[in-house]
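What follows is the residue order along each chain.
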Amino acid sequence: MRKLASLLFIMCFLVGCTAEPSSKVKPTTIKLTPVDLFQGSGEKFKPFLGSMSGAFKLRYEGTKPNAQLDIDIWENGEKASSSGSVGDLFFSTDEQTASDDIEIIISIEEVSLQNEETFKQININVMHNSGYSFFTLTTPWDEKYGLQGLLQHSRPMTFQANESIHVFGLHATSTNGIRTGDLSPESLARIEKAIIFTLHVEP
């Protein structure tokens, strides 16, 4: 009986010594850094992009995320509808030269058609180390929302890839006064009308 117990003890000891500890995989994080489009010599691009424009950089650490940028219409403090999305922002045809950072430039302008319908034309340029991808879409817009402003982050921020983060926006009101705001839930809950850009990662 003692020999059996000793044998079991030795086997358990050997197993414990040879087992490799499980490696801990760090979660993927994304860093957002605001970009001043019109700083310095960039001022010359303002007539082409318009005042309702902005930009930011995204950089990930960890596994390359399938990041997606959603464009939604908000009304009275909540999401009302979806206007579209741009998927796989960090896509590259060559994984060896793939970049872990991109810059996104967004401009929003008002377009009136001959039938007097008004739209917002949204232009999105995704720049990476091998070139750029340009997208444009339109969404209906009521002329009564004439007073407008931008919602942007003012400082760098880092978040985990499993979080959905509002990264840019245009808000508007039908009144003669507009509130200052940001992209926090408390501020968005007060808006009358807005176009909100949200970054999230597909599983």
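Preceding this section is the structure that the text describes.
Residues numbered from 1 in each chain as written. Predicted model: local features only at pLDDT ≥ 70, side-chain atom pairs only at ≥ 80, totals over all residues. Heavy atoms only, no water.

A. Spatial organisation of the sheet that holds strand 5 (residues 101-112). Spatially, six strands are ordered 7-6-5-2-1-9 in an open sheet, and the strand pairing comes out antiparallel. Since the sheet does not close on itself, it has two edges, and those belong to strand 7 (131-140) and strand 9 (157-160), each with one partner. Neighbour to neighbour, the strand axes of the sheet diverge by 25 degrees on average, direction disregarded. Examined bridge by bridge, strand 1 (residues 29-35) and strand 2 (residues 53-61) share seven bridges and lie antiparallel to one another. From the neighbouring strand, Leu32 faces strand 2, where its bridge partner is Leu58. (Pairing = 2+ DSSP bridges. Helix = DSSP H or I, 4+ residues; strand = E, 2+ residues; numbered from the N terminus. Axes fitted to C-alpha atoms, helices over the stretch in contact; angles between N-to-C directions.)

B. Structural detail: the packing of aromatic side chains. Here the structure, examined in full by the defined rule, presents three aromatic pairs. Here the guanidinium or amino end of Lys193 rests over the ring plane of Trp141, the centre of that ring lying 5.5 Å away. (Phe/Tyr/Trp six-rings, centres within 6.5 Å; stacked < 30°, edge-to-face > 60°. Lys NZ or Arg CZ within 6 Å of the ring centre and 35° of its normal.)

C. Structural view of the environment of Ser112. You can see Ser112 is positioned in strand 5. Distance in space between the C-alpha atoms of Ser112 and Glu143 is 9.7 Å, their sequence separation being 31 residues. Not counting residues up to four positions away in its chain, the partners in contact with Ser112 are Glu117, Thr118 and Glu143. (Contact = heavy atoms within 4.5 Å.)

D. Up close: the side chain of Thr118. Note that Thr118 resides in strand 6 (residues 118-128). Only 3.1 Å separates the side chain of Thr118 from the side chain of Glu143, close enough to count as a polar contact. Setting aside anything within four residues of it in sequence, one finds Thr118 in contact with Glu110, Val111, Ser112, Pro140, Trp141 and Glu143. (Polar contact = N/O pair within 3.5 Å; in protein donor to acceptor, adjacent residues only side chain to side chain.)

E. Main features of the side chain of Asp70. Residue placement: Asp70 occurs in strand 3 (residues 66-75). Despite its burial, Asp70 remains without a salt bridge, the nearest opposite charge being carried by Lys79 at 6.2 Å. A polar contact is formed between the side chain of Asp70 and the side chain of His200, at a distance of 2.9 Å. (Buried < 20%, exposed > 50% of the residue type's maximum accessible area, 1.4 Å probe, protein only. Lys, Arg positive; Asp, Glu negative; His and termini not counted. Salt bridge = Lys/Arg side-chain N within 4 Å of Asp/Glu carboxyl O.)

F. Geometry of unusual backbone geometry. Within the chain, Asn76 stands out as a residue other than glycine whose phi angle is a positive 50 degrees. Tracing the backbone shows Asn76 in the loop between strand 3 and strand 4 (78-86).

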